[in-house]
Amino acid sequence: MRKTFTIIGNIVGFIALFGIGVYFLGVETMTGGCVNASSPVKDLRRSDRQIQNEAYDTVVEGQDRYVPALIESMGNLDSESEIVGAAMAESALADIGKPAVEPLIEALEGSDDFAIRAGAANVLGMINDPIAVEPLIIGLKDSDEQVRLASADSLGEIGDPRAIEPLMNTLNDTYYLVAEAASSSLDKIKTKNGIPNN
């Protein structure tokens, strides 16, 4: 009898463990390969500095695992906490570096949210990868002035001479801050590459 109960107990235990495993597998599938991937990103908006710092370390160490959620959090800036979270997300993406470049380029080129496009342009300059030069040049013609401004600034940070002519064409931008950023970036690029100012 005791042996029978032991066998039954083992079977019940196996079924329970199997059920838990299936549950977490389902959650992992729904969240794109990680459980609660957006939770640390949401914690970047918290006012508690310790929670915020722990969340920051988690997303940076997670590398590309958190990149989509971080990019998404740069948009919808309707509250102070969301603005703080967006700034932290930009910083985290810059620290993640290379793994974030392609998703950021996709966001710059394809997002319907101007705040996400502007944030992506800004972070691409912080990462300083030359692969972003052409997308940022296209960003100089974006319909939103904040995206054009961030693109102009980032081209100056990267310092690639390919941006000289597009930036010169941006000196006549209707938004004066974009024109000023283009002028400043031109000076940076010419200085970096030993090109004299005419």
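Residues numbered from 1 in each chain as written. Predicted model: local features only at pLDDT ≥ 70, side-chain atom pairs only at ≥ 80, totals over all residues. Heavy atoms only, no water.

### Structural notes on the nonpolar core
Rule in force here: Take the buried residues of types Ala, Val, Leu, Ile, Met, Phe, Trp, Tyr and Cys, join any two whose side-chain atoms come within 4.5 Å, and each joined set is a nonpolar core. Summary of the burial criterion: residues with accessible area below 20% of their type's maximum are buried, those above 50% are exposed, and those between are partly exposed, where the area comes from a 1.4 Å probe applied to protein chains only. For the purposes of this entry, the term helix denotes a DSSP run of H or I that reaches at least four residues, the term strand denotes a run of E that reaches at least two, and both are numbered from the N terminus. Throughout, a residue-residue contact means that at least one pair of heavy atoms, one from each residue, lies within 4.5 Å.
Ranked by size, the top nonpolar core spans 49 residues in total, and within it Leu70, Leu93, Leu104 and Leu167 carry the most contacts. Considering every element that reaches this core, the biggest residue donor is helix α7 (residues 114–127), with seven residues. Beyond its immediate stretch of four places on either side in the chain, Leu70 contacts Val41, Leu44, Val59, Ala89, Ala92, Leu93 and Ile96.

### Digging into helix α11 (residues 176–192)
One turn of the α-helix equals 3.6 residues, which is why residues spaced by three or four share an orientation. Our working rule: In this scheme, a helix's expected span is set at 1.5 Å multiplied by one less than its residue total. To be clear, the arc concerns the directions from the helix axis to the C-beta atoms.
The end-to-end C-alpha separation of α11 is 24 Å, in line with the 24 Å expected for 17 residues at 1.5 Å each. Of all the residues in α11, the buried ones are Val178, Ala179, Ala181, Ala182, Ser185, Leu186, Ile189 and Lys190. Summarising the axial view, the buried residues of α11 lie within an arc of 165°, below the 170-degree limit, and thus occupy one face. Along α11, exposed side chains directed more than 90 degrees from the buried face belong to Tyr176 and Thr191. Contacts from the buried residues of α11 go to α9 (145–158) and α10 (164–170).

### Some remarks on unusual backbone geometry
Although it is not a glycine, Gln63 adopts a positive phi angle of roughly 55°. By the secondary structure assignment, Gln63 is in the loop between α3 (49–61) and α4 (67–72). Classification of Gln63 by relative accessible area gives partly exposed; the value is 30%. A positive phi is found at Asn128, a non-glycine position, where the angle reads about 65°. Looking at where Asn128 falls in the secondary structure, it is placed in the loop between α7 and α8 (133–139).

### Here we look at the pattern of salt bridges
Pairing between side chains of opposite charge can happen when the charged atoms of each approach one another. Let me state the cut-off plainly: By convention in these notes, a salt bridge is any Lys or Arg side-chain nitrogen within 4 Å of a carboxyl oxygen on Asp or Glu.
Going through the model one piece at a time under the given rule, you end up with eight salt bridges. Residue Arg117 is joined to Asp142 by a salt bridge in which the shortest nitrogen-to-oxygen separation is 2.9 Å. Note that Arg117 is positioned in helix α7 and Asp142 in the loop between α8 and α9, a separation of 25 residues in sequence. The buried category is assigned to Arg117, whose relative accessible area is 9%. Arg162 is paired through a salt bridge with Glu134; the nearest N and O atoms lie 3.7 Å apart. In this pair, Arg162 sits in the loop between α9 and α10 while Glu134 sits in helix α8, placing the two residues 28 residues apart along the sequence. Here Arg162 falls in the partly exposed class, since its relative accessible area comes to 40%. Salt bridges here are not isolated pairs; linked through shared partners, they connect Glu134, Asp160 and Arg162.

Geometric values such as these leave the question of function open.
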